[in-house]
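Here's the letter readout for the chains.
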Amino acid sequence: MTQTTKTQVGIIGGGPSGLLLSQLLHLQGIETVVLERQSRKYVLARVRAGVLEHGFANLMREARCSERMEKEGEIHHGFYIYDQQAGKQRVDLHKYSGDNSVIVYGQTELTRDLYEAREKMGGIVIHNAEDVKPHDLTSVSPFLTYRKGEDVHRIDCDFIIGADGFHGVSRKSIPKDILKEYEKLYPFGWLGVLSRTKPVSPELIYARTERGFALCSMRSQVLSRYYIQVPLSDTEEGWSDDAFWDELKQRIPADDAARLITGPSIEKSIAPLRSFVAEPMRYGNLFLAGDAAHIVPPTGARGLNSAASDIYYLYSALVEHYKKGSSKGLENYSARALARVWKAQRFSWWMTMLLHRFPEMPGYDRRLQDIELAYLFSSDAAMSALAENYTGLPF
Ligand code: APR
Ligand code: PHB
């Protein structure tokens, strides 16, 4: 027997996108229900990136769940780019972005803060929701169904938000003749290691070497995150911790390698690099947000920040709908979100093309990478473009 309930906004996906929207709408008195396929423990066990644009940090403040981010997050005014020939050079974000900066704060911690804020406000987040399906998307009364064990549940709503990530059900619910997908796959992945060690550098180091790309990042002063570029055929099992540390040392500046504190990996995984965009981000009363509609390679640290700008546009449009009865924001949502999504796509592609070693890379392309870096560190205009994109383009 199907149990039916009603809400205003039904959200598929309890990741950062779905939770942030649910929290922001609740503060405006707009009801939501979040359906998450996995358990809370599973969602919080995922290790993802952790560089927040200033626009995102402001959204967390507006969502009244920025306390821990402010206390434990690190404000970074710059980062380093290391090139084997050109050496280690600092990108002064603060100077070149008009005094902006980023906050280094893990996505896992941010998601935990959102869960706690939902709980504190009595927000409805249903975990282990199986077979979530959106229905009647082009009608004025779409609804969601899901199963909990034997019980089937139905949720009537005004709008459905597809915040269910790349492998979710939402994007697949848009007819093929309507949905256009753009994809670029890169011929390598990132092997990431998380370790309870002191970070090698107070700011991030992006490294470009003959052996491939590397990144030194952190979650805190006692939790480090490192990545090296590896062939897609590699496996985590194929990389012992020692082999990882030895390879990393060969891809970072010698003085950093000498100072590097190594330790057992508490998480180790390989992520393939891809650029992906689905258009449009609206189908009837279904609105896609975050990874459900777009994916970037992590080189530009845009994934989470791109999701946040979707949520900003959707939140404003839904408040405009419920508070002012205007559907202008909802009508413009897809175009507005995609305009900023593609800029994040361009920046992430540019950082990836600049800093990675492509197999069989023609000499001319290799020289172009050299020149692109040399131009970057010789031109205030180029540096300002980098800093503006890295700290966050205006919403
Ligand atoms: N039913 C219910 N929940 C689902 C379904 C489904 N059919 N499919 C997926 N989900 C859940 C996933 O379990 C996940 O918790 O949707 C959530 C989507 O969360 P994310 O993948 O984190 O996507 P998003 O919230 O948009 O966050 C984007 O995540 O991957 C990073 O780099 C990315 O930083 C970006 C951020
Ligand atoms: C991370 O800290 O995991 C991280 C930081 C910057 C990136 C990608 C990942 O560009």
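To start, this report covers the structure provided alongside it. Since this is a predicted model, take the numbers as computed values, not measurements.

1. Some points on the overall build of the chain
Helix and strand counts for the chain stand at 12 helices and 21 strands. The globule rule puts the C-alpha radius of gyration for 395 residues at 21 Å, and the 22 Å found for the chain is close to it. If you line up the chain on its principal axes, its C-alpha atoms span 65 × 40 × 40 Å. Out of the 395 residues in the chain, the part that is buried amounts to 55%. Within the chain, contacts between residues at least 6 apart in sequence are counted, and of these 71% link residues at least 24 apart. Entry remark: accessible area of the chain is about 16,900 Å², with carbon and sulfur atoms responsible for 52%. Measuring between centres, the 48 positive side-chain charges of the chain sit 1 Å from its 49 negative side-chain charges.

2. Side note on the packing of aromatic side chains
Each aromatic ring pair is specified by the distance between its two centres and by the angle formed by the two planes. If you walk through the whole model with that rule in mind, you get 19 aromatic pairs. Aromatic ring contacts, followed pair by pair, group Phe 79, Trp 190, Tyr 206, Phe 213, Tyr 227 and Tyr 390 into a single cluster. Over the aromatic face of Tyr 390 sits the side chain of Arg 302, whose NZ or CZ is 5.4 Å from the ring centroid.

3. Focus: the pattern of salt bridges
Tallying each qualifying case throughout the model produces 27 salt bridges. The salt bridge involving Arg 208 is made with Asp 83; its shortest N-O contact spans 2.5 Å. Placement of Arg 208 in strand S15 (residues 205-209) and of Asp 83 in strand S6 (residues 78-83) is noted, with a sequence separation of 125 residues between them. Across the pair, exposure class does not vary: Arg 208 and Asp 83 are buried alike. Residue Arg 259 is joined to Asp 256 by a salt bridge in which the shortest nitrogen-to-oxygen separation is 2.3 Å.

4. A look at the packing of helix H1 (residues 16-27) against helix H3 (residues 54-62)
Look at H1 against H3: their axes get within 9 Å of each other, and the N-to-C directions meet at 45°. Comparing their axes, H3 and H1 come out oblique. Across the interface between the two elements, Leu 20, Leu 24 and Leu 27 from H1 touch Phe 56, Leu 59, Met 60 and Glu 62 from H3. The residue makeup of the contact of H1 with H3, split by class, is six nonpolar, no polar and one charged.

5. As for the side chain of Thr 299
With respect to the element layout, Thr 299 can be found in the loop between strand S21 (294-295) and helix H9 (303-324). A polar atom in the side chain of Thr 299 sits 2.8 Å from the side chain of Thr 352. The residues contacting Thr 299, other than those within four sequence positions of it, are Trp 190, Tyr 206, Phe 213, Leu 273, Ser 348, Met 351, Thr 352, Leu 355 and His 356.

6. Structural notes on the site of ligand 1
As a matter of local geometry, ligand 1 sits amid 23 residues, with Ser 17, Glu 36, Arg 48, Gln 107 and Asp 291 nearest to it. In this structure, Glu 36 approaches ligand 1 through a side-chain N or O atom, which is 2.6 Å from an oxygen atom. Here ligand 1 has 710 Å² of accessible area as a free molecule, and 90% of this is covered by the chains. Going through the elements one at a time, H1 and H9 are the ones with two or more residues in the shell around ligand 1.

7. A few points about helix H12 (residues 380-391)
The terminal C-alpha atoms of H12, which comprises 12 residues, lie 16 Å apart, in line with the 16 Å expected from a rise of 1.5 Å per residue. Along H12, the residues that are buried comprise Ala 382, Met 383, Leu 386, Ala 387, Asn 389, Tyr 390 and Thr 391. In this structure Ser 379 caps H12, since a side-chain oxygen of it lies 3.2 Å from the backbone nitrogen of Ala 381. Where H12 terminates, the next one or two residues include Gly 392, which has phi positive at roughly 120°.

8. Comments concerning the sheet that holds S21
Read from one edge to the other, the open sheet built from eight strands follows the order S7-S6-S15-S16-S17-S14-S18-S21, with strand pairing classed as mixed. Strands with a single pairing partner mark the edges of an open sheet, and in this sheet they are strand S7 (87-92) and S21. With six bridges connecting them, S6 and S7 associate as antiparallel partners. Opposite Ile 81, over in S7, you have Gln 89 as the bridge partner. Relative to the sheet, helix H11 (residues 363-376) contacts S6 and S15, its axis offset from that of S15 by approximately 145°.

9. Some points on the sheet that holds strand S4 (residues 51-52)
Ordered in space as S4-S8-S5, the three strands form an open sheet in which the pairing is antiparallel. A strand with exactly one partner marks an edge of an open sheet, and here the two such strands are S4 and strand S5 (74-76).

Basis of the calculations
- Residues numbered from 1 in each chain as written.
- Chains lettered and ligands numbered in written order.
- Predicted model: local features only at pLDDT ≥ 70, side-chain atom pairs only at ≥ 80, totals over all residues.
- Heavy atoms only, no water.
- Helix = DSSP H or I, 4+ residues; strand = E, 2+ residues; numbered from the N terminus.
- Rg over C-alpha atoms; globule rule 2.2 N^0.38 Å.
- Buried < 20%, exposed > 50% of the residue type's maximum accessible area, 1.4 Å probe, protein only.
- Contact = heavy atoms within 4.5 Å.
- Areas by Shrake-Rupley, 256 points an atom, 1.4 Å probe, with all protein chains shown as cover.
- Lys, Arg positive; Asp, Glu negative; His and termini not counted.
- Charge placed at Lys NZ, Arg CZ, Asp CG, Glu CD.
- Phe/Tyr/Trp six-rings, centres within 6.5 Å; stacked < 30°, edge-to-face > 60°.
- Lys NZ or Arg CZ within 6 Å of the ring centre and 35° of its normal.
- Salt bridge = Lys/Arg side-chain N within 4 Å of Asp/Glu carboxyl O.
- Axes fitted to C-alpha atoms, helices over the stretch in contact; angles between N-to-C directions.
- Parallel < 35°, antiparallel > 145°, perpendicular 65-115°, else oblique.
- Nonpolar A, V, L, I, M, F, W, Y, C, P; charged D, E, K, R; others polar.
- Polar contact = N/O pair within 3.5 Å; in protein donor to acceptor, adjacent residues only side chain to side chain.
- Near = heavy atom within 4 Å.
- Expected span 1.5 Å × (residues − 1).
- Pairing = 2+ DSSP bridges.

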